[in-house]
Amino acid sequence: VANATAAESKQTLQVLIDGNDYAGTREYVIGDPIKHIHWKQSARKDNSYMTKQFEAYGNTGLSIIIDCHSGNYEPELMMTAFDGIVESALSAEDYGRRNGMETEILYIDRKNSRKRFISTRQRDYYDLISDLPVISAGTPLTESINLLQSQGMGHYSQSNILFCTASVTPELLRVLQSLKMKRRNPILFVVIPDSVLPDERKKMTAQLRTLDYAGVTYYILSGAEELQGGQKRVS
């Protein structure tokens, strides 16, 4: 089972989760983020910096959805996938809280009910992990995808929605692309253990190429130990 302390020990998620759209430039003022300086326009100004302006949409917090499904793997590989899913979610939750974002974890529990988790202390993570369903193979992601879709379409939902899973389906990809078109910022974390056969790995990663065209960010991890070096794809 994933070690809940990983969320406290890893500073791993340098992802774009600001929920903003570029809307032009203005003169830089003290306190503006350095990363938002528009260097090309600044070069045209004398003794002046220009900073990018953004228009926010929705609630710029972070919703993290845990999906406990995998491919038809051996039990050991399924647990590797489960560790990667949980640690990805906890690391993202830690990242959000540390950056002052309203952060929540959503999942389908063992009784097939929708649950919302907000941590107030580290020991709460153990309650979350014990409430998650046993990871399963070959089961449709229907309930998790429905949760993703309803969360993304909600009027007061968070703009940033991170989906952690070890299974990829055309329906999941369709919903992620749909949320992007609805001005949300979906991010996919998919765990594919190293021991997965090359043909199966190639088949899974090939499906993800559709996200490139939609501009959806996704990460491919082999397991929890790679949270600091997952393969990042950003369109």
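Okay, so let's go over this structure. Here the structure is a predicted model, which means the values were calculated and not measured.

### As for the overall build of the protein
Working step 1: The secondary structure content of the protein amounts to eight helices and ten strands.
Working step 2: Here the protein holds 235 residues, and the buried ones make up 50% of them.
Working step 3: Long-range pairs, those at least 24 residues apart, make up 73% of the contacts in the protein between residues at least 6 apart in sequence.
Working step 4: Here the protein has roughly 12,200 Å² of accessible surface; of this, 49% comes from carbon and sulfur atoms.

### Remarks on the pattern of salt bridges
Working step 1: Counted by the stated rule, this structure contains eight salt bridges.
Working step 2: With a shortest N-O distance of 3.6 Å, Asp94 and Arg97 are connected by a salt bridge. Of this pair, Asp94 and Arg97 both sit in helix α3 (residues 75–98), three residues apart, which is roughly one turn of the helix.
Working step 3: A residue is classified by how much of its surface remains accessible, and Arg97, at 34% relative accessible area, is partly exposed.

### What to know about the packing of aromatic side chains
To describe a pair of aromatic rings, you give the distance between the ring centres and the angle between the ring planes.
Working step 1: Tallying each qualifying case throughout the model produces two aromatic pairs.
Working step 2: With a centroid separation of 6.2 Å and an interplanar angle of 40°, the aromatic rings of Phe117 and Tyr125 are classed as tilted.
Working step 3: The buried category is assigned to Phe117, whose relative accessible area is 11%.
Working step 4: Of the residues examined, Tyr125 reaches a relative accessible area of 0% and is grouped as buried.
Working step 5: Note on Phe189 and Tyr219: the rings are 4.6 Å apart at their centroids and 20° apart in plane angle, and the pair reads as stacked. A residue pair is termed long-range when its members are at least 10 positions apart, and Phe189 in strand β8 (residues 185–191) and Tyr219 in strand β9 (residues 217–221) qualify at 30 residues.
Working step 6: A relative accessible area of 2% places Phe189 in the buried class.

### Quick word on the environment of Ser178
Working step 1: Position of Ser178 relative to the elements: it lies in helix α6 (residues 170–181).
Working step 2: Under the relative-accessibility criterion, Ser178 is labelled buried at 18%.
Working step 3: Counting along the chain gives 26 residues from Ser178 to Gly152, while the straight-line C-alpha distance between them is 9.2 Å.

### Let's talk about the packing of helix α5 (residues 142–153) against α6
Working step 1: Between α5 and α6, whose axes approach to 10 Å, the crossing angle comes to 5°. Classed by the angle they form, the pair α5 and α6 counts as roughly parallel. Across the interface between the two elements, Ile145, Leu148, Gln149, Gly152 and Met153 of α5 pack against Glu171, Leu172, Arg174, Val175, Leu176, Ser178 and Leu179 of α6.

### Describing α6
Working step 1: Between its terminal C-alpha atoms α6 stretches 17 Å, which fits the 16 Å expected from twelve residues at 1.5 Å a residue.
Working step 2: The set of residues buried in α6 consists of Leu172, Leu173, Val175, Leu176, Ser178 and Leu179.
Working step 3: Against the buried residues of α6 lie α5, β7 (158–166), β8, α7 (198–207) and α8 (209–214).
Working step 4: Once α6 ends, the next one or two residues include Arg183, with phi positive near 70°.

### Some remarks on the nonpolar core
Working step 1: Ranked by size, the top nonpolar core spans 56 residues in total, and within it Ile66, Leu148 and Leu208 carry the most contacts.
Working step 2: If you tally residues by element for this core, the top one is α3, at nine residues.
Working step 3: The contacts of Ile66, once residues within four sequence positions are left out, are Ile85, Ala89, Ile105, Leu106, Tyr107, Leu128, Leu132 and Cys164.

Criteria and cut-off values
- Residues numbered from 1 in each chain as written.
- Predicted model: local features only at pLDDT ≥ 70, side-chain atom pairs only at ≥ 80, totals over all residues.
- Heavy atoms only, no water.
- Helix = DSSP H or I, 4+ residues; strand = E, 2+ residues; numbered from the N terminus.
- Buried < 20%, exposed > 50% of the residue type's maximum accessible area, 1.4 Å probe, protein only.
- Contact = heavy atoms within 4.5 Å.
- Areas by Shrake-Rupley, 256 points an atom, 1.4 Å probe, with all protein chains shown as cover.
- Salt bridge = Lys/Arg side-chain N within 4 Å of Asp/Glu carboxyl O.
- Phe/Tyr/Trp six-rings, centres within 6.5 Å; stacked < 30°, edge-to-face > 60°.
- Axes fitted to C-alpha atoms, helices over the stretch in contact; angles between N-to-C directions.
- Parallel < 35°, antiparallel > 145°, perpendicular 65-115°, else oblique.
- Expected span 1.5 Å × (residues − 1).
- Core = buried A, V, L, I, M, F, W, Y, C linked by side-chain atoms within 4.5 Å.

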